[in-house]
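This is what each chain is made of:
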Amino acid sequence: QKHAELVEDLPTVRKYKFKASVNIMFGCNNFCSYCIVPYVRGRERSRRPEDIVAEIKALAADGVKEVMLLGQNVNSYGRGLEKETSFAELLRMVNEIEGLKRIRFMTSHPKDLSDELIKAMAECDKVCNHLHLPFQAGSDRILEQMNRRYTKARYLELANKVRRAVPDIALTTDIMVGFPGETEEDVLETIDVVKKVRFASAFTFIYSKRTGTPAAEMENQVPEDVVKGYFNKLLDEVNTVVYEINQSKLGKTYEVLVDDISGGDADFVTGRTTDNTLVHFRGCKDLIGELVNVKITESKPFYLIGEKL
């Protein structure tokens, strides 16, 4: 079955006038054993770089300051294009676009995180110092059954490499607990990764069966009450690290792109630093869409409070 051509010039989904998400590819070739995406969305197809650049240029001309490049695995962008273009090369092209201030992207698969990409992240001034790099599990045995195609040691090596290139980077991740056959020992390996890498935030979730995936057919599905125990243990560790990282930002100044009025208080606005930390500070709605320097005065477990300079 051949996929229909990718249709260009569709309007981009925009919740904010100054931020936009742009799909750079569709589908996935990875076949992680717990995931249905490759079966539902088909094989990976990349959009042509010139189409992506044209779309982002138009967005920037229309007032967009921050763009999020989206793909199931952006690191394998460009394979199979007439003129092969790597994701690192695409980042460099987007970095040249006038008027654009910030570039974000997700999701990155560790098995395809190249040195070339790490170098581009370090050298492109508009690329935010935030990398979302899902590791899912810390046990090599479980990683192999998930078909993730890297080891715990390899993941830790990548995290160190990224930190050396971009010292103030915030690493975030996805972690799954309760994959079939997972033991307490396996979960301790996962917690060890959290301690070593020190993620600025993590999406933690409990494995759930997806009919049609290899993992759903596996024996020894872990009982729910056992998984809940593992999950809480992991969450405690993640939250402790996140809180410590936020504490370390007290007294420092960050540039914040203001998103909105703060939910709880009309006198406050909220936005994100380049490393994706949420910051609330006193300000009026005229600041929405602006980049503002904010000094951090208070640290909460999941966000910061600051004052506009």
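Read on for an overview of the structure. Note that the structure is a prediction, hence the values are computed from the model and not measured. (Residues numbered from 1 in each chain as written. Predicted model: local features only at pLDDT ≥ 70, side-chain atom pairs only at ≥ 80, totals over all residues. Heavy atoms only, no water.)

**So, the packing of aromatic side chains**
Right, so step 1: Throughout the structure, instances matching the rule amount to nine aromatic pairs.
Right, so step 2: Judged by centre distance (5.0 Å) and plane angle (80°), the ring pair of Phe-87 and Phe-105 falls under edge-to-face. Pair noted here: Phe-87 is in helix H3 (residues 87–95) and Phe-105 is in strand S5 (residues 102–106), with a separation of 18 residues, a long-range link. Accessibility classification places Phe-87 together with Phe-105 in one group, the buried group.
Right, so step 3: Residues Phe-135 and Tyr-155 carry aromatic rings whose centres are separated by 5.4 Å and whose planes lie at 45° to one another, so their mutual orientation is tilted. Here Phe-135 is found in the loop between strand S6 (130–132) and helix H5 (140–146), whereas its partner Tyr-155 is found in helix H6 (residues 152–165), with 20 residues between them in sequence. With respect to burial, Phe-135 and Tyr-155 carry one shared label: buried. (Phe/Tyr/Trp six-rings, centres within 6.5 Å; stacked < 30°, edge-to-face > 60°. Helix = DSSP H or I, 4+ residues; strand = E, 2+ residues; numbered from the N terminus. Buried < 20%, exposed > 50% of the residue type's maximum accessible area, 1.4 Å probe, protein only.)

**What about the pattern of salt bridges?**
Right, so step 1: Per the counting criterion, the structure on display carries 24 salt bridges.
Right, so step 2: Put simply, Arg-102 and Glu-66 hold a salt bridge, and the shortest N to O gap is 3.6 Å. A residue pair is termed long-range when its members are at least 10 positions apart, and Arg-102 in strand S5 and Glu-66 in strand S4 (residues 66–70) qualify at 36 residues.
Right, so step 3: Here the salt bridges share partners, and the residues they tie into one network are Lys-152, Glu-189, Asp-192 and Lys-196. (Salt bridge = Lys/Arg side-chain N within 4 Å of Asp/Glu carboxyl O.)

**Quick word on the nonpolar core**
Right, so step 1: Ranked by size, the top nonpolar core spans 72 residues in total, and within it Ile-24, Ile-56, Leu-69, Phe-87, Leu-91, Phe-105 and Leu-131 carry the most contacts.
Right, so step 2: For this core, the leading source of residues is helix H8 (residues 224–247), giving eight residues.
Right, so step 3: Other than its neighbours up to four places away in sequence, Leu-91 contacts Leu-69, Ile-103, Phe-105, Leu-117, Met-121, Cys-124 and Val-127.
Right, so step 4: In terms of nonpolar packing, the next biggest core, distinct from the first, is built from 11 residues, Val-256, Val-269, Val-279 and Leu-287 among them. (Core = buried A, V, L, I, M, F, W, Y, C linked by side-chain atoms within 4.5 Å. Contact = heavy atoms within 4.5 Å.)

**Quick notes on the environment of Ser-208**
Right, so step 1: Examined against the element boundaries, Ser-208 turns out to sit in the loop between strand S8 (201–206) and H8.
Right, so step 2: Each C-alpha atom, one on Ser-208 and one on Leu-257, is 36 Å from the other, the two residues being 49 residues apart in sequence.
Right, so step 3: At 3.1 Å, the side chain of Ser-208 forms a polar contact with the side chain of Arg-210. (Polar contact = N/O pair within 3.5 Å; in protein donor to acceptor, adjacent residues only side chain to side chain.)

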